[in-house]
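# Fold and contact review
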Amino acid sequence: MRRVQVSVIVPVYNPGPYLDECVESVLGQSLGPDRVEAILVDDGSTDDSPAKLDEWADRHANIRVIHQENSGWPGRPRNVGIAAARGRYVFFLDHDDRLAPAALERLVAMAERNDSDVVLGRMAGFHRSVPRELFYEDRDHASIHDTALMDSLTPHKLFRRAFVEAHALRFPEGRRRLEDLPFVIRAYFLAANVSVLSSYVCYYHVRRDDRSNAGLQRFDPAGYYQNLRESTDLIEAHTEPGPARDRLLRRFVVAELLGRLTDRRLLDQPEDHRSELFREIRAYTEERIPRTLQPTLAPLQHVQLELVRSGRLDLLVHLAEIGVRTVGEATLHGIRHRDGLVLLDVEARLERDGVPVIVRSDSGDLRLDVPAIVAEAVGDGARRLGSGPLGTARIFTRKRDDWAELVGPPMDILADPGSVTASVRVRSNATIDLGTASAGNPIWPGRWDVFVRIAALGYSRDVRLGARRTPTVERQFGTRRVGRHARLWATPYWTEGADNLSLRIADDPPPSAPRRIVRAILRGTWRGR
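## As for the overall build of the protein
Counting its regular elements, the protein contains 14 helices and 24 strands. Working note: accessible area of the protein is about 22400 Å², and carbon and sulfur atoms make up 47% of it.

Put into structure tokens, the structure is as follows:
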């Protein structure tokens, strides 16, 4: 019998209908049933899942089920799974998520090739947020100091089991938040090598229809930020004060502090919970966030952090109200096709109440335009913008059935030189390279919607492309052969109703050829998935 390569550890608690697809995604792995074992740890479920788990174990030799009393959170089930694992590697999968068919095979291949202790696989977030910039390219060798690994602190990764055991890596147990972070952060600091697999979507992070995912539930602010302090302790234990530490702590500031004080995440909170949340964030900020970190933040975040330090929740609410009125807009001025490239002439901008968002010049310095009461509270320094771009815009395509994303290169948003005011906008030519869209590999078949992602001043907005377009935009491409090997068909079209731009990518030509169809025979060898 061949040695088990991967033990997939799944904590299970009242998963409802999501468990079937989760387990089937493990059973269907291309690595094969003799190389993969699933360890399903039932954490005292009260629905019908315990019986279903036992039925799966009876039918499949590579499924092992462990029943235990409810522990309150995934930490203990994962630890029980680690102790029971026999694989060379362990992978942590949540009971409402799923793996892509070749995920484990490709993750193991990367780990073996690079002698990796940890391998991160590209994620797709189905109505959930997932890291993006981290997965723009494959990385054979990465570390917490030279790669944005802190963007990905969930445990849904491949870990070498000998590495886990050598360092006694375990999850905090009990009913608590952020149990993932100490395990993953310690692993990043201790690993001899970390690899990042971006050229294949490995993990589908799914938001349940009832929004009952553990990470989406309301939480106790005091306990939450006490748990976050444990992760801060790890960073402080492994770094010296200075830029390297600030860079790692910045992730907590953006995601765990200011992210909860922004737009609807703040406004939708009941007033009593909002006040309690703010008190805990302010206390954590004063204890753990050095002022040297603030200049590294986007302008809006710099202003928000100053308001946190000065105790101005009222003004943070005011900024959140402004934020929900701040939207992204994009106009398509031209579209054509050449040699496997979709060429787009795009204008992208931030608008508020139908008017372009601007920055203001004060004595030659550009500053974030905020209400006078906010400007007075934070001072000029917090609002001052650097000399570089105001932000970026990127074209990206999202696969309609599973929300996998492929992202293009950034277009810099620059201030108008010499202007008293400058709008936050960019007009540029952008490309979708069908032959290299997936981290150097061809785009794969499916229907792909086209978006623009605008990230500027601290705002991040995604907007569909196409409905706003100039009358001169061509609604068809010419048909052109653009490769000698793989043959795919790319059909650009305008969606019904919304009239936005989408692409149909298929292995075979469509049965008919309406005017908007273009044949794209892509460069390179097609590695279908």
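## Focus: the packing of aromatic side chains
The tally for this structure, following the rule as stated, stands at 12 aromatic pairs. Measuring from ring centre to ring centre gives 6.2 Å for Tyr225 and Tyr284, while their planes differ by 50°; the resulting arrangement is tilted. Of this pair, Tyr225 sits in helix α7 (residues 221-238) while Tyr284 sits in helix α10 (residues 271-288), and the two are 59 residues apart along the sequence. Chaining the aromatic ring pairs together yields one cluster made of Phe92, Phe159, Phe171 and Phe183. We note Arg469 situated over the ring of Trp494; from NZ or CZ to the ring centre the distance is 3.8 Å.

## Remarks on the packing of helix α8 (residues 243-257) against α10
Between α8 and α10, whose axes approach to 12 Å, the crossing angle comes to 170°. In terms of orientation, α8 lies roughly antiparallel with respect to α10. The segment α8 lies against α10, with Leu249, Phe252 and Leu257 engaging Ile281, Tyr284, Thr285 and Arg288. In terms of residue class, the contact of α8 with α10 is built from five nonpolar, one polar and one charged.

## Some thoughts on helix α1 (residues 18-27)
Of the positions making up α1, those classed as buried are Tyr18, Leu19, Cys22, Val23, Ser25 and Val26. Seen along its axis, α1 keeps its buried residues to an arc of 155°; they face one direction. Here the buried face of α1 lies against β1 (6-12), β2 (36-43), α2 (49-59), β3 (63-68), β5 (98-99) and β9 (194-206).

## Description of unusual backbone geometry
The backbone of Asp115 shows a phi angle near 55°, a positive value even though the residue is not glycine. Position of Asp115 relative to the elements: it lies in the loop between α4 (103-114) and β6 (118-126). Phi is positive for Leu178, which is not a glycine, with a value near 60°. The class for Leu178 is buried, based on a relative accessible area of 12%.

## Overview of the side chain of Ser116
Mapped onto the fold, Ser116 is located in the loop between α4 and β6. The exposure class assigned to Ser116 is buried, which follows from its relative accessible area of 1%. At a separation of 3.4 Å, a polar atom in the side chain of Ser116 contacts the side chain of Asn193. Contacts of Ser116, omitting those with residues within four sequence positions, involve Tyr89, Met110, Ala111, Asp140, Arg160, Asn193 and Ser195.

## Re the nonpolar core
For soluble globular proteins, the rule of thumb is that nonpolar side chains tend to be buried together. Counting residues in each nonpolar core, the largest one holds 156 residues, and the members touching the most others are Phe252, Leu344, Ile395, Val452 and Leu457. Examining the composition of this core, we find that eight residues originate from one element, β9, more than from any other.

## Focus: α4
In a regular helix each residue adds 1.5 Å, so 12 residues correspond to 16 Å; α4 covers 17 Å between its end C-alpha atoms and thus fits that length. A positive backbone phi angle near 55° is found at Asp115, which sits one or two residues after α4.

## Notes on a negative patch on the surface
A contiguous patch of negative charge on the surface is contributed by Asp48, Asp54, Glu55 and Asp58. Inspection of the secondary structure assignment puts Asp58 in helix α2. Asp58 sits in the exposed class, given a relative accessible area of 69%.

## Regarding the confidence of the model for the protein
This prediction gives the protein a mean pLDDT of 88; 90% of its residues lie at or above 70. Within the model, the stretch residues 478-485 combines pLDDT values under 50 with 23 contacts to residues more than four positions away or in other chains. A low-confidence stretch, residues 512-529 (pLDDT under 50), is modelled with 70 contacts involving residues beyond four sequence positions or located in other chains.

Thresholds applied
Residues numbered from 1 in each chain as written. Predicted model: local features only at pLDDT ≥ 70, side-chain atom pairs only at ≥ 80, totals over all residues. Heavy atoms only, no water. Helix = DSSP H or I, 4+ residues; strand = E, 2+ residues; numbered from the N terminus. Areas by Shrake-Rupley, 256 points an atom, 1.4 Å probe, with all protein chains shown as cover. Phe/Tyr/Trp six-rings, centres within 6.5 Å; stacked < 30°, edge-to-face > 60°. Lys NZ or Arg CZ within 6 Å of the ring centre and 35° of its normal. Axes fitted to C-alpha atoms, helices over the stretch in contact; angles between N-to-C directions. Parallel < 35°, antiparallel > 145°, perpendicular 65-115°, else oblique. Contact = heavy atoms within 4.5 Å. Nonpolar A, V, L, I, M, F, W, Y, C, P; charged D, E, K, R; others polar. Buried < 20%, exposed > 50% of the residue type's maximum accessible area, 1.4 Å probe, protein only. Arc of directions from axis to C-beta. Polar contact = N/O pair within 3.5 Å; in protein donor to acceptor, adjacent residues only side chain to side chain. Core = buried A, V, L, I, M, F, W, Y, C linked by side-chain atoms within 4.5 Å. Expected span 1.5 Å × (residues − 1). Patch = residues over 30% accessible without salt bridge, like charges linked within 9 Å, V, L, I, M, F, W, Y side chains within 5 Å. Salt bridge = Lys/Arg side-chain N within 4 Å of Asp/Glu carboxyl O. Lys, Arg positive; Asp, Glu negative; His and termini not counted. Charge placed at Lys NZ, Arg CZ, Asp CG, Glu CD. pLDDT = per-residue confidence, 0-100.

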